[in-house]
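# Geometric and topological summary
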Amino acid sequence: MSGRISVVLSQGQSRHPDKRKLEEELVAELIGRPQFDLCVIPNLYDIGWDDSAFLALEGITGPMIVLSWHYPRAAFWTLAQLGIHGRFGKSLLHEAEEETDGGEESSQSSSGPPSSASDPPASKRLIYCIDLRARERAEEYFEELERIRREATTRLYTLQLVSASPPADAEDTSTAQPTTGEPLATTAPLRRRWYPVIDYGRCTNCMECIDFCLFGVYGVDAMEQILVEQPDNCRKGCPACSRVCPENAIIFPQHKSPAIAGGAVADGGLKIDLSQLFGAPSAQEIAARERDEQLMLAGRTPVGQVQRQRDAAAAERNELDDMLDELDAMEL
Ligand code: SF4
Ligand code: SF4
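What comes next is a walk through the structure. (Residues numbered from 1 in each chain as written. Chains lettered and ligands numbered in written order. Predicted model: local features only at pLDDT ≥ 70, side-chain atom pairs only at ≥ 80, totals over all residues.)

## Some details on the overall build of the chain
Along the chain, the regular secondary structure elements total 11 helices and 10 strands. The buried share of the chain, reckoned over its 332 residues, is 36%. (Helix = DSSP H or I, 4+ residues; strand = E, 2+ residues; numbered from the N terminus. Buried ≥ 20, exposed ≤ 12 C-beta atoms within 10 Å, placed from the backbone.)

## Observations concerning the site of ligand 1
Lining the immediate surroundings of ligand 1 are 13 residues, of which Cys203, Cys206, Glu208, Cys209 and Cys245 lie closest. Among the residues forming the shell around ligand 1, the class breakdown is 9 nonpolar, 2 polar and 2 charged. (Near = placed C-beta within 6 Å. Nonpolar A, V, L, I, M, F, W, Y, C, P; charged D, E, K, R; others polar.)

## Thoughts on the site of ligand 2
Around ligand 2 there are 13 residues in total, and Cys213, Val217, Cys234, Cys238 and Cys241 lie nearest to it. Looking at the shell around ligand 2 residue by residue, the class counts come to 10 nonpolar, 1 polar and 2 charged.

## What to know about the nonpolar core
Grouped together as the largest cluster of nonpolar side chains are 66 residues, with contacts concentrated most on Val7, Val8, Ile65, Val66, Leu67, Leu79 and Ile127. Take this core: its biggest share by element is 7 residues, from helix α3 (residues 72-82). When near neighbours in sequence (up to four residues on either side) are disregarded, Ile65 contacts Ile5, Val7, Tyr128, Ile130, Leu145 and Ile148. (Core = buried A, V, L, I, M, F, W, Y, C linked by C-beta atoms within 7 Å. Contact = placed C-beta atoms within 7 Å.)

## Looking at unusual backbone geometry
The residue Asn205 is not glycine, and still its phi comes out positive at about 60°. Turning to its location among the elements, Asn205 is positioned in the loop between β7 (197-198) and α6 (208-212). Look at Met207: it is not a glycine, yet its phi comes out positive at around 75°. Taking the number of C-beta atoms within 10 Å as the measure of exposure, Met207 has 12 and is therefore exposed.

Written out as C-alpha cells, the structure is:
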C-alpha cells in the first residue's frame, strides 16, 4: 500500500535561467500528479521562525521529499535546526555520498522557537533531501520521486500495522493532508542569511566551536548540548569555525567549498591537512585569520594582535627579569 507524500521545492537564491527552468519544470509536472502534495518555498536556508514558509514546513507531519540546491546533509540539518525533524531518507541520486549519513535521526535540541522546537519529539518519519545539482533534466527526478513515495509511504503503513500505538506523526499521508490540487506556495523573497548548521550525526559536543567563535553564535541547551543560539550574529561570509571543528560537523550550506557546504565527508571524517605536506597555512591558522578579519570589520581588536601584544609584554618582562638577575649577580 502506498499513498501521497509531500514534496517541498526550495527555490535557489540564484536567478540563473537554467536553475529557474528546472524549478519551473518540476512544479509544472508535480502539480499534475495528485500523489504529490507540492509546497514551494524560498531557499530553506533563509527561512526564519517568523516566516510563513516555516509554518508550511511545520504543517507537514508525514514523510517528505525536499528538493533544494543544497547538499542533502546540509538541507537535512538545516531543517533540523529549524525544528523540522525526521530520519534521514536515502535517495538513489546521492547513493555514494550518503554512505555515512543513513539512518540519522534529527531529534537533538535546536535553538528554535521555545514552544515547538526546544524539546522536539523524536520523529520517525523519513525526510529525503535531494540536491537539484545531482541531475540536469527534470525527468530524471520523477522516477526517483515515485520510488521514494512508494518506499516512504509503504514503510509508514507498515509502522502503523506493527505498532499498537503509532507515533503521533506516523499518519497515512493518503488521508493526513487534504489537498486542493494546487501547490502551496510561500515564495516571497527572504533576506539572505548566513549562519552555521550543526550536523548532530557527527558532532561530539567537544565545544571547540563555542570557544573559538567570539561573536556569541553558539550556546548550550539545558542538557549542555551545543546549539546555534544566535545564528544571525554570525559574520556574513565567515566560515572560520567550520575549519576548527574536528568532526566536520559545522556546515555553511551556501559556501563555495563542498567540504564546508555539507558535501560528502570521507569515512572516519578525518581532515586531510595538506599544509602538513606542503607548508601551507593550517586550517586553524586560516580560521584564526578569518576570525581576526571579522573582528576588525566589527571594530574589535583581533586576537592575533592581542596575542602579539601579550608576547611583546612577556618579552619585555623577561628582559627586565634578566637585567635584575644580572644586577643581583653583581651584588651591588
Ligand atoms: S566543534 Fe564541532 S564537534 Fe565540537 S561541539 Fe562544535 S560542532 Fe560539535
Ligand atoms: S563563522 Fe565566524 S562568526 Fe560565524 S559562528 Fe563561526 S566563528 Fe562565529
